[in-house]
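# Coordinate analysis (summary)
One letter stands for each residue in the lines below.
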Amino acid sequence: MPADSMPSGPAGTTGPTGRGGSPSSRPTVEGPALAVLVQRLTLTPPDVLDPGVHVPALVGDAVDLLALSVPGWWQLDAHARTALDRTCGAGAPAASRAGAGIACWLVRTPELTRLPHLREAAPDGPAAWFLAVVEALAHDLAPVRDPQTWISSPEGREEAARAFLRAAGLRPAGESDAVAEDRWSAVSTVEQRRVDREMAEEVRRSEELAKALAAKRAAEAAAQYANY
Amino acid sequence: MTPAPDSPRSPDLPHGVPDALLGEYAPFGNVALDDTERWPTLTPDGAARLDALRHHPAAPVWVHATGDRLTADDLPVLAATARRFAERAAERERDGTGDAGGTDDDRTGPGAEAGHPATAHPVPAWVTDLVERAHAVVPRYRRARDQRRSHARSPLDALPPVTRDDLRADLASFVPVDVDLSRIIEGTSSGSTGAAVVVPLHPVAVAADLALLHLLVRDAGATWTPHEDRLGLVNLVDQRAAFTYASAMTGFDAASGRATSDLSAPLMARVNLDPGAWRDPADRSTFLRGTDPQVLSSSPLPLLALADLDAREGLGLHPVAVVSGAAHLTPPARARLRAAWDVPVIDLYGLRETGAVASRADDGPFVVAPRRVWVEILSDDGTPVPDGSPGEVVVTTDENPYLPLLRYRTGDRARIVRPRGPGGRVELHDLEGRSPVRYRHADGRWLGSVDATQVLQAAGIAAWQLHQRADGTIELTVVPDAPAGGAPSGRGPGRAGAPGTGAAPATDSAARALRQWIGRDVVVTVTTPARLGHGRVRRYSSDVPGGQA
């Protein structure tokens, strides 16, 4: 029974939550056109994906660039840099490091660094912003979609570009928040898997319910006290 | 609590019972459990009393065996539910003026919207919580979320209403994916038209009806204490075929909010007045007289038949309260029942799908029950109507873990009157079941059934069925307001008094008034409660094209 006691508890949250709330629940700032980032991905230098590349150095370069380009932007503190070293450094999985490398590549997109209101997209500060972007690509997307495909396939490029913008608190130029969300849902591997998983769960439950109701013990029902 | 030892797998059939006595209700065709599964907390003493009831010398033919299925773990949950109902009811009375107050349950949630500007009534927190929860775990609403039609923070009135057909078409889409299905029991609901719909129920949700009855009986000023020699409750029907059974109410104390009483698990029975349900014609009266049930829970026509039977055969019933549901209880019918037993008569409105929605202990408006039930009144196209205007009763409820419902269309109509603030009574006025029917005057005008209601009630008719044939002729079938003199129940012995005593003038005046109203001939048939049909009696019907929605 709902509040008096549940036989088994309800699923906790209703959706993804993260630092500062779900990316989809905060209003976004208009970013570059999607095509710009998609194009940028096709130009990803091969050494970004090189297993031997030192990702933290890429991170450092990207951060320095932002500090120079974005008015009022300041350097990542030591804590943030350490966290990045740990998650994208030599010990991290190759896919994660590749994802982080591509994230840094995208961060350096001129149309991005020249955005007049980039700082509005980072209400929690540049460190949080940067980490969110790297997180989204290195740890959310890279495990489910090979970073090579973010460069080599149209679907991969679109998903990576949208994942990047979403994590950056930006929406593609010319799209509303609602449209951007819809299109993200349509290309997101994680989203698709969630939908597939939920539908499989529902099919299973439907069968379970039919079986439970068909069971004689269900048909025996229970003594009724009132008539409706 | 030790379960009854060595219970037989199914109860013994009394001797000499012919097979296939009851049509499609194959005797014991639906039993599957043993007594310890039916009544997990029943003591040996309780089991012995139950056994004595089942083998009562005048017992009806028991067609079924079923228990309350309440485990020891269920009882505290049931008790908490009962407390919640009582607290809500108490708050409501305190805040009846509509000023500040209300329980935690009533406070408006953070996402509560004002709803339609005309109504501007914020929904209680449990409704916003339900909307949020539904979009996470109820398949139907997960799809809506994925397709951007609604989301966890959508206001209630942004969600499309739900119909019985929706339930029938895809029941699984309404059942939360995270509830344990092992306790599921099958209920059915048949509206007045169309096929039945299966309703998944939880034993605690069913037993919560008992908690509500306790509260309503208490609020009506009656005392319901278990008694060794009496049935605690009889669930009474009067129809050609029905499930009949004997059961123990192991949740009685938990449902009443009492810690324990001297007699745990008073007994109940579902009993059918139809003479065919008894081994011997005399058994019916002997059994009822002997068990003298404390609460008579039924619907208007069987209750009227029982009142007749009691008067005619001197059953000497002394109920503490009468509960009527499933069909419209008219003022004359209520008066008849009060005259018979002089105890509170509680009229209960609800659906199997939603559970109890509202009740009243007089002829006034219904009051929405102190459960998690939220009522809106909507027009046929789903838009809210201003409070006070008639429309369809649409219910949101979160009492049954297997079937929370958001904006469920009941098919019934009423006008809603809300208090000014949170807490306080919500009233349903002019509650009318099923789709309105209209009648064609001889001159071609359409007239509403409400007119007929007023005419028939003014004439003192207890129960009726009004039908217009395709050729326009009006057929009126009535149970007049007279006592048993003119209206014997069933084929029992002893028609007392001359037929038509007291009945004729009321029927004649009703027929005359209707003729005047509709400008046509009215064919009148006087009948007995037993003959007018069972279940939710359709009071109005029409074969004229355009007469029935």
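As recorded in an unreviewed UniProt entry, chain B goes by AMP-dependent synthetase and comes from Oerskovia merdavium.

Our next topic: the overall build of chain B. Along the backbone of chain B there are 13 helices and 20 strands. When the accessible surface of chain B is totalled, it reaches about 20500 Å², and 51% of it is carbon and sulfur.

Before going further, it helps to spend a moment on the environment of arginine 92 of chain B. Residue and element names in this part refer to chain B. Along the chain, the position of arginine 92 falls in helix 3 (residues 74-94). Taking C-alpha positions, arginine 92 is 5.8 Å from arginine 425, a pair spaced 333 residues apart along the chain. When residues no more than four places from it in sequence are discounted, the contact partners of arginine 92 are Val367, Val368, Ala369, Pro370, Gly424 and Arg425. Looking at arginine 92, its side chain comes within polar contact range of the main-chain oxygen of valine 368, at 2.6 Å.

What follows covers the confidence of the model for chain A. Residue and element names in this part refer to chain A. Here chain A averages 84 in pLDDT, while 87% of its residues score no lower than 70. Averaged over each element, pLDDT in chain A is lowest for helix 3 (residues 78-88) (77) and highest for helix 1 (residues 34-42) (97). In the predicted structure, residues 6-22 sits below a pLDDT of 50 and forms 26 contacts with residues beyond four places in sequence or in another chain.

Moving on, we get to the side chain of asparagine 400 of chain B. Residue and element names in this part refer to chain B. Position of asparagine 400 among the secondary structure elements: in the loop between strand 12 (391-397) and strand 13 (405-417). Within the structure, asparagine 400 has its side chain in polar contact with the backbone nitrogen of tyrosine 402 (distance 2.9 Å). Sequence-distant contacts of asparagine 400, that is, excluding residues within four places in its chain, are made with Pro200, Leu201, His202 and Ala205.

Glancing now at the pattern of salt bridges. This model, assessed by the stated rule, comprises 46 salt bridges over all chains. Of the charged contacts, one joins arginine 166 of chain A and glutamate 181 of chain A as a salt bridge, the two residues approaching to 2.8 Å between their closest N and O atoms. You can see arginine 166 of chain A sitting in helix 8 (residues 154-167) and its partner glutamate 181 of chain A sitting in helix 9 (residues 177-187), a full 15 residues away along the chain. With its nearest N and O atoms 3.2 Å apart, the salt bridge here joins glutamate 132 of chain B to arginine 153 of chain B. Residue glutamate 132 of chain B is found in helix 4 (residues 125-137), and its partner arginine 153 of chain B is found in the loop between helix 5 (139-146) and helix 6 (164-169); the two are separated by 21 residues along the sequence. Among the residues examined, glutamate 132 of chain B registers a relative accessible area of 23% and is labelled partly exposed.

On to the interface of chain B and chain A. For interface size, the figure often reported is the accessible area lost on association. If you look at the interface, chain B gives 74 residues, while chain A gives 41 residues. Here chain B meets chain A over a buried area of about 4900 Å², counting both sides, of which 54% is carbon and sulfur. Ranking the residues of chain B by area buried against chain A places Arg148, Leu181 and Glu186 of chain B at the top, with a combined share of 12%. Scanning the region where chain B abuts chain A turns up 10 salt bridges. The partner of arginine 142 of chain B in a salt bridge is glutamate 202 of chain A, and the shortest N-O contact between them spans 2.8 Å. Run the count over chain B and chain A and you get 32 residue pairs in polar contact (both at pLDDT 80 or more). The element contributing the most residues to the side of chain B that touches chain A is helix 7 (residues 203-219) of chain B, with seven residues. Per-class residue counts for the side of chain B that touches chain A are 38 nonpolar, 14 polar and 22 charged.

Moving on, we get to helix 10 (residues 189-214) of chain A. Compared with the 38 Å implied by 1.5 Å per residue over 26 residues, the 37 Å span of helix 10 of chain A between its first and last C-alpha is a close match. Buried within helix 10 of chain A we find Thr189, Arg194, Val195, Glu198, Glu202, Arg205, Leu209, Ala212 and Leu213 of chain A. Tucked inside the fold, the buried residues of helix 10 of chain A contact helix 8, helix 9 and helix 11 (216-219) of chain A together with helix 5, strand 1 (185-189) and strand 2 (197-201) of chain B. Two to three positions downstream of the cap, the backbone nitrogen of valine 190 of chain A sits 3.4 Å from a side-chain oxygen, assigning the N-cap of helix 10 of chain A to serine 188 of chain A.

The next subject is the UniProt feature "domain: AMP-dependent synthetase/ligase" (unreviewed entry) in chain B. Taking the UniProt record as the reference, the feature "domain: AMP-dependent synthetase/ligase" (unreviewed entry) is found at residues 294-396 of chain B. Span residues 294-396 of chain B is 24% helix and 36% strand, its end C-alpha atoms 32 Å apart.

What counts as what
- Residues numbered from 1 in each chain as written.
- Chains lettered and ligands numbered in written order.
- Predicted model: local features only at pLDDT ≥ 70, side-chain atom pairs only at ≥ 80, totals over all residues.
- Heavy atoms only, no water.
- Helix = DSSP H or I, 4+ residues; strand = E, 2+ residues; numbered from the N terminus.
- Areas by Shrake-Rupley, 256 points an atom, 1.4 Å probe, with all protein chains shown as cover.
- Contact = heavy atoms within 4.5 Å.
- Polar contact = N/O pair within 3.5 Å; in protein donor to acceptor, adjacent residues only side chain to side chain.
- pLDDT = per-residue confidence, 0-100.
- Salt bridge = Lys/Arg side-chain N within 4 Å of Asp/Glu carboxyl O.
- Buried < 20%, exposed > 50% of the residue type's maximum accessible area, 1.4 Å probe, protein only.
- Buried area = accessible area lost by both parts, 1.4 Å probe.
- Nonpolar A, V, L, I, M, F, W, Y, C, P; charged D, E, K, R; others polar.
- Expected span 1.5 Å × (residues − 1).
- UniProt positions renumbered as here; feature names shortened; annotations may be inferred.

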